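Per-entry structural report
Each chain is listed here by its residues.
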Amino acid sequence: MRVHVLGSGGREHAIGWAFSQQGYEVHFYPGNAGTKRDGVNHPYEGEKTIKSIPEEDLILPGSEEFLVEGVANWKSNVFGPIKEVARLEGSKVYAKFFMKKYGIRTARFEIAETPEELREKIKKFSSPYVVKADGLARGKGVLILETEEEAVEKGSKLIEGSLIKGVSGPVVLDEYIPGEELSAMAIVNGRNFVLLPFVRDYKRLLTGNKGPNTGGMGSWGPVDISPDTVSKIEELFDKTLWGVEKEGYIYRGFLYLGLMLYNGDPYILEYNVRLGDPETEVIVTLNPEAFVNTVLEGYRGGRMEAISPKGFAVDVVLASRGYPDAPEKGKEITLPEEGLIFFAGVSEKDGKLVTAGGRVLHCMGTGSTKEEARKDAYELVKKVHFEGKMYREDIAL
Ligand code: AMP
Ligand code: GLY
(Lines give C-alpha, C1' and ligand atoms only; values in the text may rest on other atoms or scores of the structure.)
(Ligands and ions follow the chains in the order given, each with its own letter.)
Protein backbone atom coordinates (compact mmCIF):
# COMPACT_ATOMS: atom_id res chain seq x y z
CA MET A 1 0.00 0.00 0.00
CA ARG A 2 1.26 3.43 -0.97
CA VAL A 3 0.16 6.68 0.67
CA HIS A 4 -0.94 9.75 -1.31
CA VAL A 5 -1.04 13.07 0.56
CA LEU A 6 -2.99 16.00 -0.92
CA GLY A 7 -1.71 19.50 -0.20
CA SER A 8 1.47 21.54 -0.06
CA GLY A 9 1.99 22.85 3.48
CA GLY A 10 3.76 21.91 6.69
CA ARG A 11 0.85 19.72 7.77
CA GLU A 12 1.07 17.65 4.61
CA HIS A 13 4.85 17.36 4.90
CA ALA A 14 4.44 16.17 8.50
CA ILE A 15 1.81 13.55 7.61
CA GLY A 16 3.90 12.24 4.73
CA TRP A 17 7.07 12.25 6.82
CA ALA A 18 5.39 10.08 9.49
CA PHE A 19 4.37 7.48 6.88
CA SER A 20 7.74 7.53 5.18
CA GLN A 21 9.43 7.01 8.59
CA GLN A 22 7.35 3.84 8.92
CA GLY A 23 8.58 2.57 5.58
CA TYR A 24 5.67 3.56 3.33
CA GLU A 25 6.13 4.90 -0.17
CA VAL A 26 4.62 8.40 -0.10
CA HIS A 27 3.37 10.61 -2.95
CA PHE A 28 2.43 14.29 -2.61
CA TYR A 29 0.01 16.36 -4.73
CA PRO A 30 1.44 18.93 -5.31
CA GLY A 31 3.79 18.89 -2.28
CA ASN A 32 6.70 21.31 -1.93
CA ALA A 33 10.51 21.36 -1.96
CA GLY A 34 10.56 19.55 1.42
CA THR A 35 8.07 16.78 0.70
CA LYS A 36 10.39 15.67 -2.12
CA ARG A 37 12.80 14.51 0.56
CA ASP A 38 10.21 12.08 1.94
CA GLY A 39 8.46 11.00 -1.23
CA VAL A 40 7.56 11.95 -4.80
CA ASN A 41 5.78 15.15 -5.86
CA HIS A 42 3.11 15.18 -8.58
CA PRO A 43 0.86 17.87 -10.02
CA TYR A 44 -2.72 17.85 -8.71
CA GLU A 45 -5.35 17.85 -11.45
CA GLY A 46 -8.54 17.19 -9.51
CA GLU A 47 -10.71 14.20 -10.34
CA LYS A 48 -8.32 12.94 -13.01
CA THR A 49 -5.47 12.68 -10.48
CA ILE A 50 -7.61 11.03 -7.79
CA LYS A 51 -9.09 8.47 -10.18
CA SER A 52 -5.62 7.47 -11.39
CA ILE A 53 -4.57 6.34 -7.89
CA PRO A 54 -4.90 2.54 -7.40
CA GLU A 55 -7.71 1.26 -5.13
CA GLU A 56 -5.32 -0.51 -2.78
CA ASP A 57 -3.52 2.74 -1.92
CA LEU A 58 -4.51 5.26 0.75
CA ILE A 59 -5.37 8.88 -0.06
CA LEU A 60 -5.03 11.45 2.74
CA PRO A 61 -6.33 14.95 2.01
CA GLY A 62 -4.53 17.60 4.05
CA SER A 63 -6.61 20.72 3.57
CA GLU A 64 -10.39 21.17 3.46
CA GLU A 65 -10.58 22.35 -0.16
CA PHE A 66 -10.05 18.80 -1.43
CA LEU A 67 -12.88 17.44 0.73
CA VAL A 68 -15.30 20.27 0.01
CA GLU A 69 -14.53 19.74 -3.69
CA GLY A 70 -15.53 16.07 -3.28
CA VAL A 71 -12.37 13.92 -3.45
CA ALA A 72 -14.01 11.35 -1.14
CA ASN A 73 -16.99 11.13 -3.51
CA TRP A 74 -14.69 10.24 -6.40
CA LYS A 75 -12.86 7.36 -4.78
CA SER A 76 -13.51 5.08 -1.78
CA ASN A 77 -9.87 4.88 -0.68
CA VAL A 78 -9.87 8.48 0.56
CA PHE A 79 -9.69 8.83 4.33
CA GLY A 80 -11.90 11.87 4.71
CA PRO A 81 -15.61 12.73 4.62
CA ILE A 82 -17.63 13.02 1.40
CA LYS A 83 -18.53 16.54 0.29
CA GLU A 84 -22.04 16.40 1.77
CA VAL A 85 -20.42 15.91 5.20
CA ALA A 86 -17.56 18.32 4.49
CA ARG A 87 -20.24 21.06 4.48
CA LEU A 88 -19.72 21.03 8.27
CA GLU A 89 -16.63 23.08 7.43
CA GLY A 90 -17.59 24.35 3.96
CA SER A 91 -20.77 26.09 5.12
CA LYS A 92 -21.12 27.77 8.50
CA VAL A 93 -24.87 28.07 7.92
CA TYR A 94 -25.14 24.30 7.42
CA ALA A 95 -22.97 23.66 10.50
CA LYS A 96 -25.10 25.94 12.70
CA PHE A 97 -28.40 24.32 11.62
CA PHE A 98 -26.82 20.90 12.10
CA MET A 99 -25.79 21.74 15.67
CA LYS A 100 -29.19 23.19 16.46
CA LYS A 101 -30.98 20.14 15.08
CA TYR A 102 -28.90 17.69 17.14
CA GLY A 103 -28.74 19.70 20.35
CA ILE A 104 -25.00 20.35 20.15
CA ARG A 105 -23.80 23.25 22.30
CA THR A 106 -22.93 26.28 20.15
CA ALA A 107 -23.47 30.03 20.32
CA ARG A 108 -27.04 31.28 19.72
CA PHE A 109 -27.28 32.50 16.11
CA GLU A 110 -29.27 34.06 13.29
CA ILE A 111 -28.73 33.92 9.53
CA ALA A 112 -28.87 37.06 7.37
CA GLU A 113 -29.11 36.78 3.59
CA THR A 114 -29.46 40.47 2.74
CA PRO A 115 -28.21 43.73 4.29
CA GLU A 116 -31.84 44.52 5.28
CA GLU A 117 -32.14 41.24 7.15
CA LEU A 118 -28.78 41.87 8.79
CA ARG A 119 -29.88 45.32 10.02
CA GLU A 120 -33.01 43.72 11.49
CA LYS A 121 -31.43 40.65 13.10
CA ILE A 122 -28.35 42.34 14.55
CA LYS A 123 -30.74 43.88 17.12
CA LYS A 124 -31.05 40.48 18.77
CA PHE A 125 -27.38 40.69 19.80
CA SER A 126 -25.15 43.01 21.76
CA SER A 127 -21.53 44.14 21.51
CA PRO A 128 -19.12 42.60 20.62
CA TYR A 129 -20.86 41.45 17.43
CA VAL A 130 -19.73 38.29 15.66
CA VAL A 131 -20.39 38.10 11.90
CA LYS A 132 -19.25 35.06 9.91
CA ALA A 133 -19.10 34.37 6.20
CA ASP A 134 -20.88 31.18 5.21
CA GLY A 135 -18.26 29.64 2.92
CA LEU A 136 -14.52 28.96 3.06
CA ALA A 137 -12.66 32.25 3.48
CA ARG A 138 -9.09 31.10 4.26
CA GLY A 139 -9.34 32.09 7.91
CA LYS A 140 -10.57 35.62 7.16
CA GLY A 141 -14.31 35.03 7.32
CA VAL A 142 -14.99 35.87 10.97
CA LEU A 143 -15.47 39.50 12.03
CA ILE A 144 -15.66 40.58 15.65
CA LEU A 145 -16.92 44.16 15.87
CA GLU A 146 -17.58 46.62 18.67
CA THR A 147 -20.49 48.64 17.33
CA GLU A 148 -23.77 47.83 15.64
CA GLU A 149 -23.00 50.29 12.81
CA GLU A 150 -19.71 48.57 12.06
CA ALA A 151 -21.35 45.15 12.17
CA VAL A 152 -24.02 46.27 9.69
CA GLU A 153 -21.50 48.01 7.44
CA LYS A 154 -18.90 45.24 7.27
CA GLY A 155 -21.51 42.46 7.37
CA SER A 156 -23.33 44.01 4.40
CA LYS A 157 -20.08 44.17 2.44
CA LEU A 158 -19.46 40.53 3.30
CA ILE A 159 -22.91 39.58 1.96
CA GLU A 160 -22.44 41.63 -1.21
CA GLY A 161 -18.94 40.30 -1.85
CA SER A 162 -17.01 43.55 -1.53
CA LEU A 163 -15.19 42.78 1.75
CA ILE A 164 -13.25 39.59 0.97
CA LYS A 165 -12.32 38.67 -2.58
CA GLY A 166 -14.37 35.71 -3.81
CA VAL A 167 -16.58 35.55 -0.70
CA SER A 168 -20.25 36.59 -0.78
CA GLY A 169 -23.67 35.32 0.32
CA PRO A 170 -25.39 34.72 3.66
CA VAL A 171 -23.70 35.46 6.98
CA VAL A 172 -24.09 33.92 10.42
CA LEU A 173 -24.62 36.28 13.35
CA ASP A 174 -23.31 34.61 16.46
CA GLU A 175 -23.68 35.46 20.10
CA TYR A 176 -20.23 36.35 21.45
CA ILE A 177 -18.94 33.69 23.86
CA PRO A 178 -16.16 34.89 26.14
CA GLY A 179 -13.77 32.32 27.52
CA GLU A 180 -10.79 30.22 26.69
CA GLU A 181 -10.23 28.73 23.25
CA LEU A 182 -9.28 25.13 22.76
CA SER A 183 -9.21 22.86 19.78
CA ALA A 184 -9.82 19.14 19.82
CA MET A 185 -9.09 16.66 17.07
CA ALA A 186 -10.04 13.06 16.52
CA ILE A 187 -9.57 10.23 14.06
CA VAL A 188 -13.02 8.97 13.14
CA ASN A 189 -14.67 5.98 11.55
CA GLY A 190 -18.47 6.03 11.74
CA ARG A 191 -19.49 6.42 15.35
CA ASN A 192 -16.04 5.35 16.60
CA PHE A 193 -13.39 7.94 17.29
CA VAL A 194 -10.20 8.44 19.21
CA LEU A 195 -9.04 11.85 20.45
CA LEU A 196 -5.61 13.05 19.40
CA PRO A 197 -3.28 14.66 21.96
CA PHE A 198 -4.33 18.25 22.71
CA VAL A 199 -2.11 20.92 21.16
CA ARG A 200 -1.98 24.66 21.79
CA ASP A 201 -1.47 26.90 18.76
CA TYR A 202 -0.46 30.57 18.51
CA LYS A 203 -2.44 32.51 15.93
CA ARG A 204 -1.08 36.04 16.38
CA LEU A 205 1.97 37.11 14.41
CA LEU A 206 4.10 38.62 17.17
CA THR A 207 5.60 37.70 20.52
CA GLY A 208 3.25 38.45 23.40
CA ASN A 209 0.13 37.65 21.33
CA LYS A 210 0.34 40.90 19.39
CA GLY A 211 -0.17 41.75 15.74
CA PRO A 212 -2.59 40.34 13.18
CA ASN A 213 -3.99 36.83 13.03
CA THR A 214 -2.08 34.33 10.91
CA GLY A 215 -2.39 30.71 9.88
CA GLY A 216 -0.45 29.88 13.05
CA MET A 217 3.03 30.85 14.25
CA GLY A 218 3.76 27.82 16.40
CA SER A 219 2.35 25.16 18.68
CA TRP A 220 3.19 22.72 21.43
CA GLY A 221 1.79 19.63 23.07
CA PRO A 222 0.58 17.59 24.74
CA VAL A 223 -1.50 20.10 26.71
CA ASP A 224 -3.02 18.69 29.87
CA ILE A 225 -6.83 18.99 29.89
CA SER A 226 -8.93 18.01 32.91
CA PRO A 227 -10.74 14.66 32.66
CA ASP A 228 -14.06 16.45 33.18
CA THR A 229 -13.47 18.72 30.17
CA VAL A 230 -12.23 15.77 28.11
CA SER A 231 -15.44 13.87 28.75
CA LYS A 232 -17.55 16.90 27.79
CA ILE A 233 -15.54 17.18 24.57
CA GLU A 234 -16.05 13.48 23.87
CA GLU A 235 -19.77 14.06 24.26
CA LEU A 236 -19.61 16.75 21.55
CA PHE A 237 -17.85 14.32 19.19
CA ASP A 238 -20.43 11.63 20.05
CA LYS A 239 -23.38 13.87 19.32
CA THR A 240 -21.81 15.14 16.10
CA LEU A 241 -21.16 11.64 14.77
CA TRP A 242 -24.66 10.56 15.79
CA GLY A 243 -26.06 13.56 13.89
CA VAL A 244 -23.98 12.73 10.81
CA GLU A 245 -25.37 9.18 10.92
CA LYS A 246 -28.95 10.47 11.32
CA GLU A 247 -28.42 12.59 8.22
CA GLY A 248 -27.65 9.34 6.41
CA TYR A 249 -23.88 9.65 6.16
CA ILE A 250 -20.81 8.00 7.63
CA TYR A 251 -17.96 10.15 8.91
CA ARG A 252 -14.49 8.87 8.01
CA GLY A 253 -11.32 10.83 8.47
CA PHE A 254 -10.18 13.59 10.77
CA LEU A 255 -12.53 15.87 12.67
CA TYR A 256 -11.47 19.08 14.39
CA LEU A 257 -13.66 21.02 16.82
CA GLY A 258 -12.85 24.69 17.40
CA LEU A 259 -14.09 25.20 20.97
CA MET A 260 -14.65 27.95 23.49
CA LEU A 261 -14.64 26.92 27.15
CA TYR A 262 -17.09 29.05 29.05
CA ASN A 263 -18.30 28.41 32.60
CA GLY A 264 -16.84 24.92 32.45
CA ASP A 265 -18.66 23.98 29.24
CA PRO A 266 -17.21 23.64 25.73
CA TYR A 267 -19.13 25.43 22.92
CA ILE A 268 -18.43 24.52 19.29
CA LEU A 269 -17.40 27.63 17.33
CA GLU A 270 -16.52 25.73 14.20
CA TYR A 271 -16.03 22.36 12.61
CA ASN A 272 -13.01 21.51 10.49
CA VAL A 273 -13.06 18.28 8.52
CA ARG A 274 -9.27 17.95 8.54
CA LEU A 275 -6.33 18.16 10.88
CA GLY A 276 -5.05 21.50 12.16
CA ASP A 277 -1.93 23.22 10.94
CA PRO A 278 0.44 23.70 12.92
CA GLU A 279 -1.12 21.20 15.37
CA THR A 280 -0.40 18.20 13.12
CA GLU A 281 3.32 18.91 13.07
CA VAL A 282 3.39 18.48 16.86
CA ILE A 283 1.12 15.42 16.93
CA VAL A 284 3.15 13.41 14.42
CA THR A 285 6.41 14.39 16.12
CA LEU A 286 5.10 13.18 19.50
CA ASN A 287 4.78 9.64 18.18
CA PRO A 288 4.97 9.08 14.42
CA GLU A 289 4.55 5.31 14.67
CA ALA A 290 1.39 5.51 16.79
CA PHE A 291 -0.02 8.25 14.52
CA VAL A 292 0.43 6.07 11.44
CA ASN A 293 -1.02 2.98 13.14
CA THR A 294 -4.07 4.82 14.43
CA VAL A 295 -4.77 6.44 11.06
CA LEU A 296 -4.53 3.01 9.40
CA GLU A 297 -6.82 1.42 12.01
CA GLY A 298 -9.31 4.25 11.51
CA TYR A 299 -9.13 3.84 7.74
CA ARG A 300 -9.69 0.08 7.94
CA GLY A 301 -12.45 0.37 10.54
CA GLY A 302 -10.37 -1.43 13.17
CA ARG A 303 -9.90 -0.76 16.86
CA MET A 304 -8.20 2.60 17.32
CA GLU A 305 -5.90 3.14 20.27
CA ALA A 306 -5.22 6.53 21.80
CA ILE A 307 -1.79 7.87 20.81
CA SER A 308 0.60 8.00 23.76
CA PRO A 309 2.84 11.02 23.34
CA LYS A 310 6.55 10.41 23.84
CA GLY A 311 7.51 13.48 25.87
CA PHE A 312 6.79 16.92 24.45
CA ALA A 313 7.08 18.57 21.06
CA VAL A 314 7.29 22.24 20.07
CA ASP A 315 6.87 23.81 16.62
CA VAL A 316 8.32 27.26 15.98
CA VAL A 317 7.24 28.66 12.61
CA LEU A 318 9.68 30.73 10.56
CA ALA A 319 7.82 33.23 8.42
CA SER A 320 8.82 35.72 5.73
CA ARG A 321 9.03 39.45 6.32
CA GLY A 322 5.73 41.01 5.29
CA TYR A 323 3.59 38.03 6.39
CA PRO A 324 0.56 37.80 6.51
CA ASP A 325 -0.29 40.66 4.12
CA ALA A 326 2.51 40.66 1.57
CA PRO A 327 5.24 38.13 2.37
CA GLU A 328 8.56 38.49 0.58
CA LYS A 329 9.52 35.61 -1.68
CA GLY A 330 12.55 34.18 -3.42
CA LYS A 331 15.05 34.52 -0.54
CA GLU A 332 17.68 31.80 -0.39
CA ILE A 333 17.40 29.43 2.59
CA THR A 334 20.28 27.68 4.32
CA LEU A 335 19.57 24.74 6.62
CA PRO A 336 21.61 22.77 9.13
CA GLU A 337 22.45 19.09 8.45
CA GLU A 338 20.54 17.89 11.49
CA GLY A 339 17.16 18.64 13.04
CA LEU A 340 13.54 17.95 12.20
CA ILE A 341 12.09 20.65 9.92
CA PHE A 342 8.78 20.53 8.07
CA PHE A 343 8.59 22.63 4.92
CA ALA A 344 5.73 24.93 4.01
CA GLY A 345 6.35 27.91 1.67
CA VAL A 346 9.60 26.67 0.14
CA SER A 347 10.46 26.09 -3.49
CA GLU A 348 13.59 25.34 -5.50
CA LYS A 349 15.35 27.65 -7.87
CA ASP A 350 18.54 26.70 -9.70
CA GLY A 351 19.07 23.83 -7.25
CA LYS A 352 18.75 26.10 -4.22
CA LEU A 353 15.97 26.33 -1.62
CA VAL A 354 14.14 29.66 -1.67
CA THR A 355 11.23 31.12 0.28
CA ALA A 356 7.91 30.91 -1.56
CA GLY A 357 5.26 31.92 0.94
CA GLY A 358 4.34 33.48 4.28
CA ARG A 359 4.97 30.52 6.52
CA VAL A 360 8.23 29.00 5.36
CA LEU A 361 9.44 26.32 7.78
CA HIS A 362 8.39 24.57 10.99
CA CYS A 363 11.35 24.00 13.32
CA MET A 364 10.51 21.08 15.59
CA GLY A 365 11.94 20.43 19.03
CA THR A 366 11.43 17.43 21.30
CA GLY A 367 12.25 16.63 24.90
CA SER A 368 11.06 14.88 28.02
CA THR A 369 9.75 18.22 29.35
CA LYS A 370 8.12 21.14 27.60
CA GLU A 371 11.12 23.33 28.47
CA GLU A 372 13.58 20.86 26.90
CA ALA A 373 11.47 20.63 23.76
CA ARG A 374 11.25 24.42 23.60
CA LYS A 375 15.02 24.81 23.94
CA ASP A 376 15.56 22.18 21.27
CA ALA A 377 13.24 23.96 18.82
CA TYR A 378 14.80 27.40 19.36
CA GLU A 379 18.33 26.00 18.92
CA LEU A 380 17.21 24.75 15.53
CA VAL A 381 15.63 28.14 14.71
CA LYS A 382 19.05 29.79 15.15
CA LYS A 383 20.66 27.45 12.62
CA VAL A 384 18.27 28.31 9.79
CA HIS A 385 18.95 31.41 7.73
CA PHE A 386 17.08 33.46 5.14
CA GLU A 387 16.68 37.19 4.68
CA GLY A 388 13.71 38.58 6.58
CA LYS A 389 13.28 35.48 8.82
CA MET A 390 10.58 36.17 11.42
CA TYR A 391 9.39 34.10 14.37
CA ARG A 392 7.77 34.40 17.79
CA GLU A 393 10.03 34.17 20.83
CA ASP A 394 7.31 32.90 23.17
CA ILE A 395 6.10 29.61 21.73
CA ALA A 396 5.58 27.13 24.61
CA LEU A 397 6.71 29.70 27.16
P1 AMP B 1 -14.19 30.29 13.64
O2 AMP B 1 -13.53 30.26 12.30
O3 AMP B 1 -15.68 30.17 13.57
O4 AMP B 1 -13.57 29.34 14.62
O5 AMP B 1 -13.86 31.71 14.25
C6 AMP B 1 -12.53 32.23 14.26
C7 AMP B 1 -12.26 32.84 15.60
O8 AMP B 1 -13.22 33.85 15.92
C9 AMP B 1 -12.34 31.86 16.75
O10 AMP B 1 -11.14 31.17 16.89
C11 AMP B 1 -12.66 32.77 17.91
O12 AMP B 1 -11.51 33.43 18.38
C13 AMP B 1 -13.55 33.82 17.29
N14 AMP B 1 -14.98 33.49 17.44
C15 AMP B 1 -15.77 32.86 16.54
N16 AMP B 1 -17.03 32.74 16.98
C17 AMP B 1 -17.06 33.31 18.20
C18 AMP B 1 -18.07 33.49 19.19
N19 AMP B 1 -19.34 33.09 18.99
N20 AMP B 1 -17.73 34.12 20.33
C21 AMP B 1 -16.47 34.55 20.54
N22 AMP B 1 -15.47 34.40 19.66
C23 AMP B 1 -15.75 33.79 18.50
N1 GLY C 1 -4.56 25.83 13.50
C2 GLY C 1 -5.88 26.11 13.14
C3 GLY C 1 -6.40 25.37 11.98
O4 GLY C 1 -5.75 24.55 11.39
O5 GLY C 1 -7.55 25.61 11.60
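Residues numbered from 1 in each chain as written. Chains lettered and ligands numbered in written order. Predicted model: local features only at pLDDT ≥ 70, side-chain atom pairs only at ≥ 80, totals over all residues. Heavy atoms only, no water.

**Quick look at the site of ligand 2**
The immediate surroundings of ligand 2 are formed by Asp201, Tyr256, Asn272, Arg274, Gly276, Asp277, Pro278 and Glu279. The side chain of Asp201 places a nitrogen or oxygen atom 3.0 Å from a nitrogen atom of ligand 2. In this structure, Arg274 approaches ligand 2 through a side-chain N or O atom, which is 2.9 Å from an oxygen atom. When isolated, ligand 2 has an accessible area of 200 Å², and the protein chains bury 88% of it. (Near = heavy atom within 4 Å. Polar contact = N/O pair within 3.5 Å; in protein donor to acceptor, adjacent residues only side chain to side chain. Areas by Shrake-Rupley, 256 points an atom, 1.4 Å probe, with all protein chains shown as cover.)

**Some words on the site of ligand 1**
Neighbouring ligand 1 are 14 residues, the closest being Lys92, Lys132, Glu175, Ile177 and Glu181. Lys132 is positioned such that a nitrogen or oxygen atom in its side chain is 2.8 Å from an oxygen atom of ligand 1. Glu270 places a side-chain nitrogen or oxygen 3.2 Å from an oxygen atom of ligand 1. Burial of ligand 1 by the surrounding chains reaches 83%, relative to a free accessible area of 470 Å². Counting residues per element, the ones that place at least two in the shell around ligand 1 are β6 (129-133), β7 (142-145) and β16 (265-272). Tallied by class, residues from the shell around ligand 1 come to eight nonpolar, no polar and six charged. (Helix = DSSP H or I, 4+ residues; strand = E, 2+ residues; numbered from the N terminus. Nonpolar A, V, L, I, M, F, W, Y, C, P; charged D, E, K, R; others polar.)

**Comments concerning the environment of Ala306**
Looking at where Ala306 falls in the secondary structure, it is placed in the loop between α11 (288-300) and β17 (312-319). For Ala306, a relative accessible area of 55% corresponds to the exposed category. Considering only alpha carbons, one finds Ala306 and Ala186, 120 residues apart in sequence, at a separation of 9.7 Å. (Buried < 20%, exposed > 50% of the residue type's maximum accessible area, 1.4 Å probe, protein only.)

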